[in-house]
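Commentary on secondary and tertiary structure
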Amino acid sequence: LEEGINEAGAMSSWIAAATAYTNHDIEMIPIYIFYSMFGFQRIGDLAWAAGDSQARGFLIGATAGRTTLAGEGLQHQDGHSQLLAANIPNCVSYDPTFSYEMAVILREGMRRMHEKKENIFYYITAMNENYSHPDKPKGSDEGILKGMYLFKENNNKGKIKVQLLGSGTILREVIAASKILSKDYGIDSDIWSVTSFNELRKDGMETERLNLLNPDTKKKISFIEECLDKRDGPVIATSDYVRSYSDQIRPYTKKSFYSLGTDGFGRSDTRKNLRKFFEVDKEHIVAYGLSVLAKEQLIASKHAKEAIKKYNIDGNKP
C-alpha cells in the first residue's frame, strides 16, 4: 500500500494488516517503511494502540540516526526514536549496521510472531549510506538477537585495552577508531556491535530483579556482564542517538562506562561535519578513548592531550 505523505493513514493500514491474524483469520506480515523521525514521534499513540491490540509486524525506521541523512536538518534527523520505541512493552527494537544482522533479526521476528505466535511487533532502524558489508562472524546469531556480539578482537600491541561498543551507522566510525588506536597509539580494543541497547536493558533489568527477589540462590549474570566483565579496559559506547540510549546499560556492567551520542537538534551539513559536531566521528572516539584511559591511569595524559591537538578538537567549545 502506498499511502502518500500520510503517517496516520499508513500506520492505521499497518495495524489493520498486523491484526488480520485475529480479526480475519489471515496471517499477514506487514512491513511499514518510513523516515524514522516520522514514526514514533508523529504517530506515537497509534504505535501504543498497535501494542495494545497485539499487532504483529515490522516497522522499519529508514534514514535513521542523527548524522546519516546529510543536509536535512532539524526536521528529519532522528536521534531518539529508539528511546520512544523502548516505552512500548511488546515492541522489540534493533539498530543494526550490517545486512547479515538485519537478516538474522527479520528471520527471528518471523519465527516469534508467526511460528511461536508471540504478540510482539518489531521496530528496526535502517541507514541512509552506501558501505560494504562484511561476512557474518561465526556464532554471532545469539548475540545479534540478544543485543550485542564481538565483531572483532584486537590483541596485537600490548596490555592496555579498551572495549568499544558501537551501533547503527556509528559502528563504522568505531571500527575506524579502533584501527587508529592500534596503529598510532599501540592500544588494543575489542569492537562490539550493539544491535539493541533496548534489548540489553530489558535483560539487565530482568536479571537484576530475579537476583533481588531470590537473594538465597546463586546470582544470575546479565548478558552484558557475560560479554564484558572478563574483558580488560573501560567501556566506551557510541551511537547515532542521544547518550541516554546507550546509557541504559550502564547499571548492568561493573566496568567504567562512558557514552558518546548526538544530543541536541539535527543540523544541515555533510555527514563528516555532522559527526565531528556531535563528537561521534572516529577522531573524537580516539581522543575520548585516550582521555578515558588517562583518567583510569592506564596511560599518560599527554597522549590524550596530543591527540586532541592533532585532531583540532576544541575542549572548550559548547
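See the structure printed just above.
A short tour of the structure in this document, coming up.

Basis of the calculations
Positions within a chain are numbered from 1, following the residues in the order the chain's sequence is written. Only residues with pLDDT of at least 70 get local features here, since the model is predicted, and only at 80 or more are side-chain atom pairs given and counted; chain-wide, interface and lining totals rely on the full set of residues. Calculated side-chain values reflect all of the structure's heavy atoms, with hydrogen atoms and water omitted. Only protein chains enter the accessibility calculation, which uses a 1.4 Å probe; a residue whose area is less than 20% of its type maximum is buried, one above 50% is exposed, and one in between is partly exposed. Only DSSP runs of H or I covering at least 4 residues are called helices, and only runs of E covering at least 2 are called strands; the numbering of each starts at the N terminus. When DSSP finds two or more bridges between a pair of strands, those strands are recorded as paired. Here is how to tell: hold the view so the strands point away, follow the path from the first strand over the helix to the second, and if it runs clockwise the crossover is right-handed. Note on definitions: angles span 0 to 180 degrees between N-to-C directions of axes, and those axes are lines fitted to C-alpha atoms, for helices only across the stretch in contact.

Glancing now at the pairing of strand 6 (residues 161-166). Along strand 6, six of the six residues are buried, which leaves the element largely enclosed by surrounding structure. Both faces of strand 6 are covered, namely the face carrying K161, Q163 and L165 and the face carrying V162, L164 and G166. Both strand 6 and strand 7 (residues 188-194) contribute to a ladder of six bridges, which runs parallel. Bridge pairing links L164 to I191 in strand 7. Viewed along the sheet, the connection from strand 6 through helix 8 (residues 171-185) into strand 7 turns out right-handed. Note: strand 6 against strand 8 (residues 235-238), four bridges, orientation parallel. Within strand 8, the residue paired with G166 across the bridge is T238.

Moving on: the sheet that holds strand 8. Read across the open sheet, the five strands follow the order 5-7-6-8-9; overall the sheet is mixed. The two strands at the open ends of the sheet, each matched to only one other strand, are strand 5 (148-153) and strand 9 (257-260). Pairs of neighbouring strands in the sheet enclose a mean axial angle of 25°, with direction left out of account. Bridge count between strand 5 and strand 7: five bridges; the pairing is antiparallel. Residue pairing for strand 7: M148 is matched across the bridge by V194.

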